[in-house]
Amino acid sequence: MTGQTQRKYRADYQPPGYLIDHVDIAFGLEADHTHVRATHQLRRNPQASATGPLVLDGRDMALEQLAIDGRELHASQYRVDDTTLTIFDPPDQFELLIENTIHPENNLSLEGLYRSGDILCTQCEANGFSRITYFPDRPDVMARYTTRIVAWPEAFPVLLANGNCVESGPMPCGHHYAVFEDPFPKPCYLFAMVAGDLGMIRDTYTTASGRTVDLRLYTEHGNEDQCHHAMASLKQAMAWDEDTYGLEYDLDSYVTVAVGSFNMGAMENKGLNVFNTACIFARADTATDSDFALVRDVVAHEYFHNYTGNRVTCRDWFQLSLKEGLTVYREHQFAIDQGSPGVTRIRQVRAMREIQFPEDAGPRAHPVRPESYVEMNNFYTITVYEKGGEVIRMIAQMAGREAFIAAVRHYLDKHDGQAVTIEDFVIAMEESTGLDLAQFRHWYAQAGTPRVRVATEFADGRLQLTLSQHTPATPGQADKPLFDIPVEIALFDANGAPVGAPQVLRLTQAEQHWTFDDFEAEPTVSALRGFTAPVRLEYEQSDTALARLMAHDSDPVCRWDAAQALYLKTLIADVEARRAGSAPVAAPELLFDAIATLLDNPPDDRELLAEMLTLPSEAMLGEQFDTIDIFAVDAARRALKQVIARRFDARFAALADAHAPTQAYVFDVAEAGRRRVFALALDYLAAIEADGIAARAASVYECADNMTDRMAALDALRDMDVPEREQVLADFAERWADYPLVMDKWLRLQASTRRDDSVEHVRELLGDSRFDFTNPNRIRALLGGFVRANRVGFHRADGEGYRLVADEILRLDPLNPQLAAALASMLTDWARHVPAQADGMRSALERIAAAQLSDNTREIVTVGLERRDSTD
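Now for a quick tour of the structure.

The rules we used
- Residues numbered from 1 in each chain as written.
- Predicted model: local features only at pLDDT ≥ 70, side-chain atom pairs only at ≥ 80, totals over all residues.
- Heavy atoms only, no water.
- Core = buried A, V, L, I, M, F, W, Y, C linked by side-chain atoms within 4.5 Å.
- Buried < 20%, exposed > 50% of the residue type's maximum accessible area, 1.4 Å probe, protein only.
- Contact = heavy atoms within 4.5 Å.
- Helix = DSSP H or I, 4+ residues; strand = E, 2+ residues; numbered from the N terminus.
- Polar contact = N/O pair within 3.5 Å; in protein donor to acceptor, adjacent residues only side chain to side chain.
- Pairing = 2+ DSSP bridges.
- Axes fitted to C-alpha atoms, helices over the stretch in contact; angles between N-to-C directions.
- Patch = residues over 30% accessible without salt bridge, like charges linked within 9 Å, V, L, I, M, F, W, Y side chains within 5 Å.
- Areas by Shrake-Rupley, 256 points an atom, 1.4 Å probe, with all protein chains shown as cover.
- Salt bridge = Lys/Arg side-chain N within 4 Å of Asp/Glu carboxyl O.
- Lys, Arg positive; Asp, Glu negative; His and termini not counted.
- Charge placed at Lys NZ, Arg CZ, Asp CG, Glu CD.
- Phe/Tyr/Trp six-rings, centres within 6.5 Å; stacked < 30°, edge-to-face > 60°.
- Lys NZ or Arg CZ within 6 Å of the ring centre and 35° of its normal.

Counting 235 residues, the largest nonpolar core has Phe 404, Tyr 411, Phe 425, Ile 644, Phe 652 and Leu 827 as its most contacted members. Ignoring sequence-local partners within four residues, the contact set of Ile 644 consists of Tyr 567, Phe 592, Ile 595, Leu 615, Phe 652 and Tyr 684. Core analysis: the second largest hydrophobic core is formed by 42 residues, Leu 56, Leu 85, Leu 96 and Leu 120 among them.

Examined against the element boundaries, Asp 553 turns out to sit in the loop between α9 (543-552) and α10 (556-579). Given the relative accessible area of 4%, Asp 553 is considered buried. Here Arg 529 takes part through its side chain, which lies 2.7 Å from a polar atom of the side chain of Asp 553. A distance of 2.9 Å separates a polar atom in the side chain of Asp 553 from the backbone nitrogen of Asp 555. Not counting residues up to four positions away in its chain, the partners in contact with Asp 553 are Phe 492, Ser 526, Arg 529, Arg 548, Cys 558 and Arg 559.

The next subject is the environment of Arg 330. Locating Arg 330 in the fold gives a position in helix α3 (residues 320-338). As for Arg 330 and Gly 389, which are separated by 59 residues in sequence, their C-alpha atoms are 8.2 Å apart. Residue contacts for Arg 330: discarding those within four places in its chain leaves Trp 240, Asp 241, Tyr 245, Leu 247, Phe 304 and Thr 308.

Moving on to the sheet that holds strand β11 (residues 119-123). The 4 strands lie next to each other as β10-β11-β16-β13, forming an open sheet whose pairing is antiparallel. Each edge of the sheet is formed by a strand with only one pairing partner; in this case those strands are β10 (112-116) and β13 (158-161). Direction aside, the axes of adjacent strands within the sheet are offset by 15 degrees on average. With 5 bridges connecting them, β10 and β11 associate as antiparallel partners. What sits directly across from Arg 115, in β11, is Leu 120.

So, about the sheet that holds strand β31 (residues 536-538). Taken together, 4 strands build an open sheet; the order of strands is β29-β26-β25-β31 and the sheet is mixed. Every interior strand has two partners, whereas the edge strands, β29 (511-516) and β31, have only one. If you compare each strand with its neighbour and ignore which way they point, the axes differ by 20 degrees on average. Relative to strand β26 (residues 462-470), strand β25 (residues 451-459) is paired through 9 bridges, and the arrangement is antiparallel. Following the sheet pairing, Glu 457 is matched in β26 by Gln 464.

Together, Asp 24, Asp 69, Glu 95 and Glu 181 make up a negatively charged patch on the protein surface. The residue Glu 95 is located in strand β9 (residues 93-102) in this model.

Another point: the packing of aromatic side chains. Inspection of every chain in the model, using the stated rule, returns 31 aromatic pairs. Here the aromatic rings of Tyr 18 and Phe 94 are separated by 5.7 Å at their centres, their planes lie at 75 degrees, and the arrangement is edge-to-face. With Tyr 18 in strand β2 (residues 18-29) and Phe 94 in strand β9, this pair connects stretches of sequence that are 76 residues apart. One exposure class covers both Tyr 18 and Phe 94, and it is buried. Geometrically, the ring pair formed by Phe 304 and Phe 334 is edge-to-face, given 5.7 Å between the ring centres and 80 degrees between the ring planes. Placement of Phe 304 in helix α2 (residues 289-304) and of Phe 334 in helix α3 is noted, with a sequence separation of 30 residues between them. Here the aromatic cluster, defined as three or more aromatic residues joined through ring pairs, consists of Trp 240, Tyr 245, Tyr 249, Tyr 254, Tyr 303, Phe 304 and Phe 334. Sitting over the ring of Phe 184, Lys 270 keeps its end group 4.5 Å from the ring centre. The cationic tip of Arg 647 hangs over the ring face of Phe 592; the distance from NZ or CZ to the ring centre is 4.1 Å.

Here you go:
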């Protein structure tokens, strides 16, 4: 905790003064400490512009020995402070020996080497390696590693590190050891080491060239049967990457370890992935369909990093999207190929609109390639990841599938074993595809979400389509350039039949016009099909046109989007009326006609039916207003939901009745769609507390053979004041007490419950023996669930919701700054809210800012409060 932040700037990048060719690192694991002995082969970097002392990063360790070429250094030859080790006047080429002691058992930051239960594991991205030993902790220093681990076999029978195990066995002193060699150079953020008493499942994968790869997945004993879906997903990802990109795995083994305490979802360390159990465990009775999909996609994401992130990595952390944006795109395409293509894409689009667009419009708006930061962990954002993936998607679309795949191979071949920049990637795309991406580069350099306005004029059988663009100012970027925006469109006649093939229009100017001829009647325009660009579309279409697209559009995203637009028209009008003190606005009959048509002629994809019947979220509805009144938003959404439920109660009851499983749980598109429609039907019936719904939900809970249906029943009962609710919650807690991830669902459900005393209930749960304040999954479930899923409770008029969150941020920050900063970010959009809510959120931020904070949290809070100066 510095109390004074130091900002880093992309423009200040300098190559490292020294390069490291090889690292020999040895760990001596004891119960109360770990001894680290690291030997580095260093040489001056010929690309470095200046010579001088060698500065190594290091935190929270005790230096025991320091030697160059076998000669121990005198205290006058170096300096140690809280964050660095500086060696004065080093030679041009030398061997550096460093010995130090660390205490992973006391490391609650979950960075570097730390203890998760009885497992010792590492997390080194972004700067965790400097909590293990002194080192130039930056991604452009790439070395080959040999890792030796020595431990007591009783406590740590399993020893793991990057690369191939080349030697292992017992030692005369009673310890045992293992030595690992990684043949590929890597930055220190990809270093990994794990030790513990672990269970394992094992499989093999035969590559396209006929090599056999040993696949092992480790976890705590007793959890092995929750890991088989993850193993199957890994093999799917390996086959997909070979079939799609021609990329074959390059080591003899691929090892994954699942741990219960992990700040992130997973980490792609070369050959030794470390995962949060939430992204590995999936069994029918403990995990929902959403959990199964999450495991599949995260396992694939980390595997895909083997090439796009590991073999070619980023030069500096400003280039984070180089590896993450490209890998997110690859993950998205894999998910689309494995699941329902339309619904998978809809969920990707929803994440952009509900989370990334607000980030791009808030005080923390930043480009996909940021220009500065204080704490890098604060920039593992949806902008860098998901928007970065959408930027790659636009390049792929403009190039065409085969040309883009060839371009990725060209990029990987050209830069194999290197640490490069986003500009290097874009140049490789241009070289291979022939595209001119000069204007397109603005997507990497500019924050904010472009607005694309659509206007049409029809006369004499001719349609003139006009597209225009404008991007609002963001912090530090007042004047926005024009973007290169691909917009896919299609035209439909009055009967919903397509007119011609879809076209991709490139919007590169402030305003452009296109003309389409030979129509007997004005066609309906379907715009931004498949969400071809991460933009806000401003297009005032009639209710009739939207209903036509909702019924007939061949693009699932646009079909869903038309339904969302119809719902939003009613919801926006109702929110405005409530804020003005007027009578609530009734939904138009055309909306009900469109829903009836959908129910009468449902799409073959049942998940798509459920998505189209789902109202826009509170977050999505709030984003339609410059100033958000969460209570008006909540009231309007609940009212429309109840009106729809009453109008179609018999239809929803029939949908629920049709849910009659005839086989054991299967995770596939058809079965997941059937369960999703059932959950939606229960949800609508619960909204009006239809006759018998509480008993029915309790019966579903009791009889379900899978967690998806069981959670659908719990969600239906969540806000009801009925005995069945208390009974099933008590049963759930008792039944799943020994399953931490399932208990996270129990915590999240209660945190999201609409009740007058929800703040007090969350405080009570924080003190419950089943809540572990040092576990990130627990905190995300309870506090994250409260803030994001119980907005009425969080924004309660007396301000107690804000005070609760501020209390926990201040308690958490000394232990886990990364997680505390993530919680603090939930308060930073205060200026978007009506004064009563804004004042309470701002006061909570000011209270946090008055404390001694970590760099992580101080950066978030400072940026959030800077918004005050622009609004007061």
